[in-house]
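# Summary of the model geometry
These are the residues of each chain, in order.
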Amino acid sequence: PENTMSDPSSRVRERRKKKANRRCFDCRARGPNYVCMDFATFVCTDCSGVHREFGHRVKSINMSSFTSQEASMLERGGNDVAREIWMGRWKGKLLPTIKDSDGDRLEKIRSHITRKYIDKKWVPDPTTAKRHAFARGGRHRIQLQPSGENPSAAKPFLGKTWTNNFFKKQ
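Residues numbered from 1 in each chain as written. Predicted model: local features only at pLDDT ≥ 70, side-chain atom pairs only at ≥ 80, totals over all residues. Heavy atoms only, no water.

With that settled, the discussion passes to the overall build of the protein. The secondary structure content of the protein amounts to 7 helices and 5 strands. If you list the helices and strands of the protein from N to C, you get α-β-β-α-β-α-α-α-α-β-β-α. Residues classed as buried in the protein amount to 45% of the 170 residues present. Contacts in the protein between residues at least 24 apart in sequence constitute 61% of all its contacts with a sequence separation of at least 6. Within the structure as shown, the protein displays about 8800 Å² of accessible surface, and the carbon and sulfur contribution to it stands at 49%. (Helix = DSSP H or I, 4+ residues; strand = E, 2+ residues; numbered from the N terminus. Buried < 20%, exposed > 50% of the residue type's maximum accessible area, 1.4 Å probe, protein only. Contact = heavy atoms within 4.5 Å. Areas by Shrake-Rupley, 256 points an atom, 1.4 Å probe, with all protein chains shown as cover.)

Structural data, given as structure tokens:
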């Protein structure tokens, strides 16, 4: 259910406390301090910088103000929903972790973000994505736009269309 707290920024900070949002969606670092608005995910400082390099819209959880619409989108989204969309075909139980001790950490993050969002390596076909989304009570409308005849090359709508189409209430 959508939180009815009046201050949207407080609602976003509250949403970060949810178990799935306590770790960065892209590298699994603890305590993300940013949200990637294009994907409604909670991310760490390093990953937020890489998302900015790709032109994705990123906001600081503690230093930015949020509109009511942005807070509502993040309440309906978050890392658990993003996992169904972007990592739906990931075979492992745990998402990949990129540690500080992993050589060139930023380059590994760039590579992972490219595979995840640009190449859509783990995005399920549209039928699978919808089945996963609606299995949780139909709270989320996940729409993938098929690319040609290959359903695994589906392209999610991004930007304003992402926020308007992916996280609308049913």
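What follows is about unusual backbone geometry. With a phi angle near 75°, Arg-28 is a residue other than glycine that sits in the positive phi range. For Ala-40, which is not glycine, the phi dihedral falls at a positive 55°. Positionally, Ala-40 belongs in the loop between strand E1 (34-36) and strand E2 (41-43). The class of Ala-40 is buried, set by a relative accessible area of 0%.

Turning our eyes to something else, we now look at the nonpolar core. Core analysis: the biggest nonpolar cluster contains 22 residues, and Cys-24, Phe-25, Cys-27, Cys-47, Trp-86, Ile-109 and Tyr-117 have the highest contact counts within it. For this core, the elements supplying multiple residues, two or more each, are E1, helix H2 (45-53), helix H4 (79-86) and helix H5 (105-118). Per-element accounting of this core gives the leading share, 4 residues, to H4. Apart from the residues lying within four places of it in its own chain, the contact partners of Cys-24 are Ala-29, Pro-32, Phe-42, Val-43, Cys-44, Cys-47 and Asn-79. Counting 10 residues, the second largest nonpolar core, distinct from the first, contains Val-12, Val-35, Ala-40 and Ile-61. (Core = buried A, V, L, I, M, F, W, Y, C linked by side-chain atoms within 4.5 Å.)

In a regular helix each residue adds 1.5 Å, so 14 residues correspond to 20 Å; H5 covers 19 Å between its end C-alpha atoms and thus fits that length. Listed in full, the buried residues belonging to H5 are Arg-105, Ile-109, His-112, Ile-113, Lys-116 and Tyr-117. Relative to the axis of H5, the buried residues are bounded by an arc of 105° and lie together on one face. Of the residues one or two after H5, Lys-120 is the one with positive phi, at around 55°. (Expected span 1.5 Å × (residues − 1). Arc of directions from axis to C-beta.)

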